[in-house]
Amino acid sequence: MSELKNDLYLRALLRQPTERTPIWMMRQAGRYLPEYREVRTQAGDFMALCKNAELACEVTLQPLRRFKLDAAILFSDILTIPDAMGLGLYFETGEGPKFERPLRDVAAIENLGIPDPEQELRYVMDAVRTIRRELDGQVPLIGFSGSPWTLATYMVEGGSTKNFSEVKKLMFSEPAAMHMLLSKLAESVTTYLNAQIAAGAQAVMIFDTWGGVLSPRDYREFSLQYMKKIVAGLTREADGRQVPVTLFTKNGGAWLPEMAATGCDALGVDWTMDLGTARALVQDKVALQGNMDPSVLYAPPARIEEEVAVILESYGHGHGHVFNLGHGIHPGVDPEHALAFIDAVHKLSPAYHR
Ligand code: 1CP
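Along each chain, residues carry numbers from 1 onward, in the same order as the chain's sequence is written. In view of the model being predicted, local features appear only for residues whose pLDDT reaches at least 70, and side-chain atom pairs are presented and counted only at 80 or more, with totals across whole chains, interfaces and linings using the full set of residues. Each side-chain value is worked out from all heavy atoms of the structure, with water and hydrogens disregarded.

The chain is annotated in an unreviewed UniProt entry as Uroporphyrinogen decarboxylase from Pseudidiomarina indica. UniProt positions are given in the numbering used here, feature names are shortened, and annotations may be inferred rather than shown by experiment. What UniProt states about the chain under its Subunit (unreviewed entry) heading is, verbatim, "Homodimer." Its UniProt record gives the chain a comment under Pathway (unreviewed entry), which states: "Porphyrin-containing compound metabolism; protoporphyrin-IX biosynthesis; coproporphyrinogen-III from 5-aminolevulinate: step 4/4."

Dropping the structure here:
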């Protein structure tokens, strides 16, 4: 494999010195880019795009052509695992993801198998291999998965949800079945991420988008415990380099110290907490990624630059910060504003590394 030309992102995650703060954006490949919309139309639908390695590679690289980003993220989705488990993922235009066969009883959970990443999920591994080849060492490639809890919410609800009623009903009334589901998902996620690493992913991130809807006790029991198991089972070195692991629980600010104790390398932080407070909470045990409110990108470039300055100052001097949004970029953002955001990080961050 070709030598990595820009390893700022990997070094920052391991809290090693960097000359500036690296940056990437969650959902950096997506609908805010006209060139993405074009390829998606060409592919037909979202899953067809994910399953075509050449097109998935093309949309992964699109944001890197426009912006000075320090990492690429595999173009795929967290719902590939439930799809591979046989739930039948589909997308209806204008609506979120849906499953043809959501999990509604204990028998359905008992019948779930662990997908083989080089069989049912081979298209993901093919995309990783294609992207690594085309990246040619320009920046590292991030692999990812959903957390067991977050995947379970979609699998039990059958799609997106506001109240989490079905999944919480299961959790509170059939805890043993819930744990069986989460154990199967933890094993599937571990195998899946290790396969992504074997195929060429140089760092991995676990998205726990819905951990924040749980009480502290339930978060520990139904989400954190399983992420910790995954972290313990991951390949941590490949091609003579460490493979850093980032955990991100949206609305999980209160739990950062416990998350930092899982053995991961870095934590994603959303915008509901000051980065300086987060840094004090984790006592520099892990690196931090974040945390601008994605809606700031609707504001004029001068206001965006101001917010970047506030966040850099909040983290303060020293290493171990990866700049990012606190959640995915919104589809309605003007790409010129994303450009202003990324340029501001390039311009203002070196002062914090001297
Ligand atoms: O083109 C389209 O209309 C599809 C929109 C879309 C995209 C661009 C979906 C459907 N998934 C993706 C790609 C995607 N999803 C990536 C690609 C890499 C990148 O960051 O550029 C990643 C990392 C994800 C992860 C993902 N999917 C998460 C976790 C992160 C997060 O944003 O919280 C979640 C919760 C999903 C589920 C999902 N898939 C798609 C949508 C619209 C959703 C969210 C549904 C919901 O809000 O419940």
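Quantified by volume, the largest pocket comes out at close to 1,400 Å³. Together, 44 residues line the largest pocket, and Arg 27, Arg 31, Phe 46, Asp 77 and Phe 91 are the ones closest to its centre. In this analysis a 1.4 Å probe is tested at points of a 1 Å grid over the protein atoms alone, and where it fits but cannot get out there is a cavity; an open set with protein on both sides within 12 Å along at least five of seven lines is a pocket; lining residues have an atom within 4 Å of a point. Grid points are joined across faces, edges and corners, and a volume is the space filled by probe spheres set on the points.

A word on empty space enclosed by the protein. For the structure shown, the criterion picks out 1 cavity of 30 Å³ or more. By volume, the largest cavity is sized at about 30 Å³. Around the largest cavity sit Thr 21, Leu 312, Tyr 315, Gly 316, Gly 318, His 321, Tyr 352 and His 353, which together line it.

Take the pairing of strand S8 (residues 245–249) next. Summarising burial for S8: 5 of the 5 residues are buried, a large majority. Residues Val 245, Leu 247 and Thr 249 of S8 are buried on one face, and the alternating residues Thr 246 and Phe 248, pointing to the opposite face, are buried as well. With 5 bridges connecting them, strand S5 (residues 203–208) and S8 associate as parallel partners. What sits directly across from Ile 206, in S8, is Leu 247. Where S8 meets strand S9 (residues 266–268), 3 bridges bridge the pair, whose relative direction is parallel. Bridging from a neighbouring strand, Thr 246 pairs with Ala 266 of S9. Partly exposed residues are those whose accessible area sits between 20% and 50% of the maximum for their type, while under 20% is buried and over 50% is exposed, using a 1.4 Å probe and protein chains only. Only DSSP runs of H or I with at least four residues qualify as helices, and only runs of E with at least two residues qualify as strands; both kinds are numbered from the N terminus onward. Following DSSP output, two strands are said to pair if at least two bridges run between them.

In this section: the sheet that holds strand S10 (residues 287–292). Reading across the sheet, the 7 strands line up as S1-S4-S5-S8-S9-S10-S11 and stay open at both edges, with parallel pairing between neighbours. Of all strands in the sheet, those bounded by a partner on one side alone are strand S1 (72–73) and strand S11 (321–325). Of the pairings in the sheet, the one linking strand S4 (residues 141–146) to S5 comprises 5 bridges and is parallel in character. For Ser 145, the partnering residue across the bridge sits in S5 and is Ile 206. Two residues form a contact once any of their heavy atoms are found within 4.5 Å. Here the axes come from fitting lines to C-alpha atoms, over the contacting stretch only for helices, and the angles between their N-to-C directions go from 0 to 180 degrees. In the packing of helix H10 (residues 175–199) onto the sheet, contacts are made with S4 and S5, and the angle to S4 comes to roughly 170°.

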